[in-house]
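Breakdown of the fold
Letter by letter, the chains look like this.
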There are 2 protein chains.
Amino acid sequence: MRALNHPSRKSLTLSGVLYALSDPVRLSIVKSIAAHGEQSCGTFGLSVAKSTASHHFRVLRETGVIQMRAEGTQYINSLRREDLDSRFPGLLDAVLQASNPV
Amino acid sequence: MRALNHPSRKSLTLSGVLYALSDPVRLSIVKSIAAHGEQSCGTFGLSVAKSTASHHFRVLRETGVIQMRAEGTQYINSLRREDLDSRFPGLLDAVLQASNPV
DNA sequence: CCTGTTGTTCGATGTTATTAGAACAACAGG
DNA sequence: CCTGTTGTTCTAATAACATCGAACAACAGG
C-alpha cells in the first residue's frame, strides 16, 4: 500500500491520457477534482465497487492524470495540472469545458 | 459498401471521441488528415492489415471524428472539424497540437 | 490490543477491442 | 466482359478492460 508509481512529466503520453479520460467513471473523477479541489477516494460517490474504483484511480495515476498522496488512512487525489498543461496545452481545459457540469 | 452511418453532431459524445483518439493508429490517421487535408484510405501508409485499417476508419466515423464519402472505388476521409469544434471547443486543436508532427 | 475506516491487491468472470485472413462488392479502364 | 484497385464484411483468435467479492494492509482511536 506504500508504493505509488507516478510517471514523470516526460513520460506522459497523449494516447495514455486520452484513454484514461475516455472512461465515464474516470472522467467523472477528474471533473470532480477540477470542480472541488483535491479529495480522498471515498468522497466521489462513485456507483462502483471499492475495488473497481481503486482500479480507476490507479489508471488515472499511472497515466499521469492525477497525483495521490497518503494522509493517514486515506489517499488524497489531485490533478497534475501543471504537468498536463505543460505536455498537452489546452487539452485538460478543453475536456473539462466539453464535459457537462458535475 | 453503400451505407455510411455518420452520427449527428448532437449525438457526439466526449467519451466516444476521446476513446477514438486514444488509439495510436487512429490518432495517426487524424493527424495525417489534419496535416494534409482529405485523403483516401489507402494513402495513410498504415502498417496494419486492410481489414484492421477499415475497422479503425469505422470507429473514427461512428464516433463522429471523420466523415467519409464515396468517390469512384475509393473513400475520401475528412475531419468533422466544425462539428467537433462546436461540441468540444478546443479539443481537437489541443490534441493535434499535443501530438508530434506527422 | 481491538475495532472501524480507508483503500489496495488478488483471483475470477464477462464483455469489448484489436487484429488478421478470406470472401465479397463497387467501380474504372481496357 | 475481364481485370485490377479499393475498401468492406464475415469469421475467428487473441488481448485488454471493467467489474466484483474476498482477503489483506495501514492507520487512528478508543
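These remarks concern the structure in this document. Bear in mind the structure is a predicted one, so any value in this text is a computation, not a measurement.

1. Notes on helix 2 (residues 24-36) of chain B
Residue and element names in this part refer to chain B. Taking 1.5 Å per residue, 13 residues should reach 18 Å; helix 2 reaches 18 Å between its end C-alpha atoms and fits that length. Listing the buried residues of helix 2 in full gives R26, L27, I29, V30, K31, S32 and I33. Capping the start of helix 2 is the job of one residue whose side-chain oxygen sits 2.8 Å from the backbone nitrogen of V25: D23. Following helix 2 by one or two positions, G37 has its phi on the positive side, about 80°.

2. A word on the packing of aromatic side chains
All names here are of chain A. Summed over the entire model, instances satisfying the criterion amount to two aromatic pairs over all chains. Between F44 and F57, the ring centres sit 5.4 Å apart and the planes meet at 55°, which makes this aromatic pair tilted. Placement of the pair is F44 in the loop between strand 1 (39-40) and helix 3 (50-62) and F57 in helix 3, with a sequence separation of 13 residues. The pair F44 / F57 is uniform in exposure class, with both members buried. Just above the ring of Y19 sits the side chain of R26; from NZ or CZ to the centre is 4.9 Å.

3. A few points about the interface of chain A and chain B
On the chain B side, the residues contacting the 18 residues of chain A number 19 residues. In this assembly, chain A packs against chain B so that about 1,300 Å² is buried in total across both faces, 73% of it on carbon and sulfur atoms. Inspection of the chain A/chain B interface yields zero salt bridges. Viewed at the interface, chain B and chain A are joined by two residue pairs in polar contact (both at pLDDT 80 or more). Looking at the side of chain A that touches chain B residue by residue, the classes come out as twelve nonpolar, five polar and one charged.

The rules behind the values
Residues numbered from 1 in each chain as written. Chains lettered and ligands numbered in written order. Predicted model: local features only at pLDDT ≥ 70, side-chain atom pairs only at ≥ 80, totals over all residues. Heavy atoms only, no water. Helix = DSSP H or I, 4+ residues; strand = E, 2+ residues; numbered from the N terminus. Expected span 1.5 Å × (residues − 1). Buried < 20%, exposed > 50% of the residue type's maximum accessible area, 1.4 Å probe, protein only. Polar contact = N/O pair within 3.5 Å; in protein donor to acceptor, adjacent residues only side chain to side chain. Phe/Tyr/Trp six-rings, centres within 6.5 Å; stacked < 30°, edge-to-face > 60°. Lys NZ or Arg CZ within 6 Å of the ring centre and 35° of its normal. Contact = heavy atoms within 4.5 Å. Buried area = accessible area lost by both parts, 1.4 Å probe. Salt bridge = Lys/Arg side-chain N within 4 Å of Asp/Glu carboxyl O. Nonpolar A, V, L, I, M, F, W, Y, C, P; charged D, E, K, R; others polar.

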